Amino acid sequence: MLILIPGIFNAQTITGKVTDRTEVIPFVNVTIIKDNDQIITGTTTDENGLFSIKVEPGTYDVEVSFVGYAKIKKRVSVEDDINLGTINMKVDAQSLNEIVLVSERRIIEQEIDRLVFNVEKSIASTGGNGMDVLKITPGVQFQNNTLEILGKGATQVMINGRISPLQGDELTSILNGISASDIKKIEVITNPPARYEASGNGGLINIVLKKGVQNSWRNSTTLSYHQNRFNYGALSNNFFFNKDRISISASINATKGNVENLEGLLIDYPSNFWDIDVDSKLVRDQSSGRFLIDYNLSEKTTVGVQYLGNNTAPDIMATTTSSIFDNDGSLERILVNEGDNIVDNQNHSLNFHAVTQLDSLGKSISFDADYFTFESENGRDFFNEEFNPAGVSQGINSAALNISNQEIENFSSKIDVDFPLNWVNLSYGVKASFTNTNSDVLYYDKTSGVEVLDPNRSNAFQYSEDVLAGYISGNTKLSEKIQMQFGLRLEDTKTKGVNEELSQETSNNYTKLFPTFYLSYAEDDNNNFGLTYGRRINRPNFKDLNPFRFYINANSYTVGNPFLQPSFSHNIELSHLYKRKINSSVFLSITIDGSGTVFTTDANDQTQIITRENYYKQYNYGLKESFSFTKLSWLKSQNSINLLGYHTEFTKDFGTTPKNGVQIYLTTNNTITLSDKTGLQVNSFYSSQHDRGLFSVGEMFDLSLGLQHNFTDSLTMSLLFSDVFNTASLNNYVSSVNGIEQIYRQNESSRNARISLSYEFGNKKVNVKKRRFGNDEEQKRSN
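A.B. asks: How should the pairing of strand β43 (residues 700–710) be read in this particular structure?
C.D. replies: Every regular strand shows the same layout, with side chains that alternate between the two sheet faces. Alignment of strand β40 (residues 678–687) against β43, held across ten bridges, turns out to be antiparallel. Residue pairing in the sheet places V682 in a bridge with L705 of β43. With six bridges connecting them, β43 and strand β44 (residues 715–722) associate as antiparallel partners. Of the residues in β44, the one forming a bridge with G706 is L720.

A.B. asks: How should the environment of T657 be read in this particular structure?
C.D. replies: Note on placement: T657 falls in the loop between β38 (635–650) and β39 (661–673). Judged by its relative accessible area of 59%, T657 falls in the exposed class. Spatially, the C-alpha atoms of T657 and S736 are 8.9 Å apart, while their sequence positions differ by 79 residues.

A.B. asks: Which parts of the structure should I look at to understand the sheet that holds strand β1 (residues 12–19)?
C.D. replies: Whenever strands of a sheet pair, they do so through backbone hydrogen bonds, lying parallel or antiparallel. Spatial strand order, β4-β1-β7: three strands in an open sheet with mixed pairing. Lying at the two open borders of the sheet, with one neighbouring strand each, are β4 (50–55) and β7 (82–88). Pairs of neighbouring strands in the sheet enclose a mean axial angle of 20°, with direction left out of account. Across six bridges, β1 lies against β4 in antiparallel orientation. Bridging across to β4, I14 finds its partner in I53.

A.B. asks: Explanation requested: the packing of aromatic side chains in the structure shown.
C.D. replies: Any two aromatic rings considered together are summarised by their centre-to-centre distance and by the angle between their planes. Tallied over the entire structure, the rule returns twelve aromatic pairs. With 4.9 Å between their ring centres and 70° between their planes, Y615 and Y616 make a pair best called edge-to-face. With centroids separated by 5.6 Å and ring planes inclined at 65°, the aromatic side chains of Y615 and F650 adopt a geometry described as edge-to-face. Within this pair, whereas Y615 is found in strand β37 (residues 607–629), its partner F650 is found in strand β38, the two being separated by 35 residues in sequence. For Y615, a relative accessible area of 4% corresponds to the buried category. Given a relative accessible area of 19%, F650 falls into the buried group. K363 extends its terminal NZ or CZ atom over the ring of F419, reaching a point 4.9 Å from the ring centre. Directly above the aromatic system of Y443 lies the positively charged group of R457, at a separation of 4.8 Å from the ring centroid.

About the criteria used
Residues numbered from 1 in each chain as written. Predicted model: local features only at pLDDT ≥ 70, side-chain atom pairs only at ≥ 80, totals over all residues. Heavy atoms only, no water. Pairing = 2+ DSSP bridges. Helix = DSSP H or I, 4+ residues; strand = E, 2+ residues; numbered from the N terminus. Buried < 20%, exposed > 50% of the residue type's maximum accessible area, 1.4 Å probe, protein only. Axes fitted to C-alpha atoms, helices over the stretch in contact; angles between N-to-C directions. Phe/Tyr/Trp six-rings, centres within 6.5 Å; stacked < 30°, edge-to-face > 60°. Lys NZ or Arg CZ within 6 Å of the ring centre and 35° of its normal.

Right under this line is the structure:
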């Protein structure tokens, strides 16, 4: 220790930030050189473009280099800690004109705190939409209309780094409205830093959209046709323009057609057995658009406006057939429910932002103001007809019109400050968010042939939520091998819900702290170890708080719970990255006061109630191994092995015991180069049967094949065959409540084919756009 102490105190730190004037550049080489061209030490910039190097006092050349950019060399005299500020690299145009860069990003990359899926490298994403991309993103699964990070539970979705407030069908509608050709990459963040909202026990999924680079423009048009039992077509156009002080990106997308949705439910009552089949045609009619303009007021200040809008009409034409058997297996009767859901959803997001560089040392301040509105009109017109075992009609026993309307309005603003110091890079900020929702349901009984309002099944509900938040985070190098990042976020939440029918008011007020911690140890160039911890919150979405009933048919309805409480989770993960190719990790996630869907049946009147309850504490744990294979020039393969475990403790009595078990989840994504212009993609996953909490889930397997051919540099055709064996859909989803077992299955055209034709012209160089909506958490919960 006595030998090391003088060196520690004599060492000084050189810090800085590397950009290309439009965004930061990660993985840039920063080298410290002596007068005799002797390399003393070096490092690479992190994902925020920041670097930090310790050196002895003296005079050095600091060399900054990266492929495709002109090399920069600075002479510095180091006596104390020194910050070089922002170093702006310029594209080496002469070099790029003379050579062709054959180095390219892999389809999947594993970083220290996230997995990155480079969408534009995937054949399977060509011609699809945002939902198609998420379904093939490694480590993500879409089940029961919920997106999950494997082993983590339900997750939040961000668009350009801003959490979307929508969930369920509404979130799906927005994702269906984003063209895959407009997406640069998907980031799967298992333990988000304090800068992001603390919402989302299961981590965050960030959809990063594209934008054009300086002095360039580009236009891309994609036409695709999807075939399952039904079919639909999609047209998308993306435009990018960036010249001098103005940067513009815009997209417009439209889809028209239908898909098939098959559902089934088996219910074992004490007195009889129900076999329910649902055959639905889902309408995919939608249109959406995005527009972003940034203007550089000066070298240091940029202002901009972004708009994202979506209109969907996801109508449903469904026939539900319920075959009812006695305990001896003889058919008693048949109920046929014919119903049409006429749905009209509209949402609009508007963001204003301004960013100012305060000095040349990397200090900056940004301001965002966001407005979001969502409107949904949902009308279900249905009737039930009963048949005897011989198929003879016994008449219509019920008919109704169920109308549900929902309006959500959110305004938020935030300020973020980056404040690098000699020994630590600090950032801090504040945010305020205000949300109001108004919902109503009208139930008209039509059994008599005349619409009669039923006040006992009609209601109105108002809900407001105000969230004030502040955070501070920092990262620093403790030594040449050890890097630390820390953060603390404070969120104060006030909510109020009013049930007009019962004249009942429900209020909630809580203030919570959310710490995060990251530690990285680079033993050598080949081995990097990481330790992360974070606490998070999962607030109920707005629809789940709404206490009125929405009838699916005469025997089944969904009902919200205004007394739902948020759940909290602790997440810890230990990882090892070897040669940037093999990533191993173990994790533990503890969810407290967790909430979920509960299927409750009444054995007397044989009705099914679908609601949500806070009913469990859960321990999720697992071992993950992902590795890439690039030894063959014609094959790029990314694979993962996941061993996941679930242990649940019920905090409410459901007349059953928790289901605890282990899941094996395997993935492989392979791109095969057949020629310079033709590529083949083979993707597959396997999920074993497993038990988890209140439910058990059946085995699933997917094999999807894609083929892409470039006729010219501008014209590309893609074919995709999804779920070739039709074995990737949800099945044997079993729960047992109060002694009544239910088995559910769903297949929304899992097996389908798609053909796409894309044409591009203009300057095709693309960079990532990182402007975000500030109220995206509230949008996500707006289902």
